[in-house]
Every structure is written in structure tokens, then in C-alpha cells.
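# Structural characterization, general
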Amino acid sequence: DAEITQSPRHKITETGRQVTLACHQTWNHNNMFWYRQDLGHGLRLIHYSYGVHDTNKGEVSDGYSVSRSNTEDLPLTLESAASSQTSVYFCASSESAGGPDNEQFFGPGTRLTVL
Amino acid sequence: QKEVEQDPGPLSVPEGAIVSLNCTYSNSAFQYFMWYRQYSRKGPELLMYTYSSGNKEDGRFTAQVDKSSKYISLFIRDSQPSDSATYLCAMSGNTGGFKTIFGAGTRLFVKA
């Protein structure tokens, strides 16, 4: 069965370190998304990609970067981790960007703590 | 003002109750309206999908969209303890590249 996986599931790091969160999907979807989820804010879009070599900034992109070298993977990098980036991060993918096929399939999440 | 407003709850109801969850929005360009369910420590999963105004029913769940009032609702009949989860409304449209905007989510507890 197709799926979307994230690794690691839990990560503790120190302020100032570079951190990369992995996202891998086997749906063969063109669209991939990274969100962070915090109490009171719901899901906020960090970056998204509509295909290989395409990346776009979302609502809360400062301090984060992504690259898309193939269809399956969209790693999220925190250039210099800050305590404000402590959050739960979700990766998602979808077949289309709009219309009835824009259901997003979410990974299990990565819980990141920055000390 | 957020594009999508959703009361975070928590909402606690007894088993068998009818639950009403709601969201309001400000962007009239939204055309696609969704409800996602998220169990604790899991990713969200699509529960209901509605295009434009009207009702959609799926088992114990009914989604309503009132575009004139910019208001959407999810009703759960005969609620069960297994319905305990966070429910996120979401919407998208032909604006900003069809990005999906999520509400903050309402935490629901159904007591046996």
C-alpha cells in the first residue's frame, strides 16, 4: 500500500544546530507540503512543492528550507534551530492542488524539541 | 483576522449525543471544504469533502456549507467514544495556488 513516512519520529536538538527532517511518499504525488502544528494555531504551512525542483514558501517559512530532487522526497531543513521551532511537524502529499483530488495524505509527524 | 476561525474547544459530550462542529471563514474564493479527523499523536485524515454549498451525508456524519454566511458545519449523530479526536476544518479555492487553509481544530471528547 502507498504511504507517507517521516523520520525521525522524535528529535531533541540544541539551539543553533542544523536539523533535517525527512519525508518520503510512495503515492507518486506531485504535490508535497510541510506543516507545523502548535496549540491554538492548528496546521501552518511552512513550504510546499508542486513537482521536482519546484519549491514555494508558505505562511511560516522563515528559518526553514526545502529541496525537491525527486518525486518521493521533500526534506525539511532548519538552518539554525531556535526554541520557537519546537513543534510537531507534518509532511503531506496530494494528487492535485485543487478540485476533488486535492485530499492531502499526512505522515505520522515528527515531534521536535529545541533546547 | 485569521482566514479560517474554529473554536478549539475542548468539547465534551456523553455517548449518543449529537455533536455540532463549526468554522467560519473570510475568503469568498474558497470552493472546496473539508473536515479532517486527527487522533492523538497521529496525522490528520480526510473525513468529509464538500464542493460549494449544500449538505453531504456519510453514515453518522453530515457536512454542511453555507457560502452566503461563510459558515461550515460538521454534525456527528449518535457520537461514540471512538469519535474522540481533534476535528480540523479545511478549505481551498482558486486563490493562492489552491493552497489548503486549516482551522485550528476542535478537540472532542465523547464520554462512555
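About the cut-offs
- Residues numbered from 1 in each chain as written.
- Chains lettered and ligands numbered in written order.
- Predicted model: local features only at pLDDT ≥ 70, side-chain atom pairs only at ≥ 80, totals over all residues.
- Heavy atoms only, no water.
- Helix = DSSP H or I, 4+ residues; strand = E, 2+ residues; numbered from the N terminus.
- Contact = heavy atoms within 4.5 Å.
- Salt bridge = Lys/Arg side-chain N within 4 Å of Asp/Glu carboxyl O.
- Disulfide = S-S within 2.5 Å.
- Buried < 20%, exposed > 50% of the residue type's maximum accessible area, 1.4 Å probe, protein only.

## Side note on the environment of L108 of chain B
Looking at where L108 of chain B falls in the secondary structure, it is placed in strand β11 (residues 106–111). Dropping the residues within four chain positions of it, L108 of chain B is found in contact with L11, V13, V19, I76, D83, S84, A85 and Y87 of chain B.

## Regarding the pattern of salt bridges
All names here are of chain A. Applying the stated criterion across every chain yields a total of five salt bridges over all chains. The closest approach of N and O atoms between D38 and R36, which form a salt bridge, is 2.8 Å. Salt bridges here are not isolated pairs; linked through shared partners, they connect R36, D38 and R44.

## Thoughts on the state of the cysteines
Evaluation of the coordinates by the stated rule reveals two disulfides over all chains. Residue pairing for C23 of chain A: its cysteine sulfur links by disulfide to C91 of chain A, the two sulfurs lying 1.8 Å apart. Residues C23 of chain A and C91 of chain A are joined through a disulfide that is left-handed, its torsion about the S-S bond being -70°. Highlighted residues: C23 of chain A in strand β3 (residues 19–25) and C91 of chain A in strand β9 (residues 87–94), separated in sequence by 68 residues. Look at C23 of chain A and you get buried, because its relative accessible area is 2%. Between the sulfur atoms of C23 of chain B and its disulfide partner C89 of chain B the distance amounts to 2.0 Å. Because the torsion about its S-S bond is -100°, the bridge between C23 of chain B and C89 of chain B counts as left-handed. In this pair, C23 of chain B is assigned in strand β3 (residues 19–25) and C89 of chain B in strand β9 (residues 85–93), connecting sequence segments 66 residues apart. Across the pair, exposure class does not vary: C23 of chain B and C89 of chain B are buried alike.

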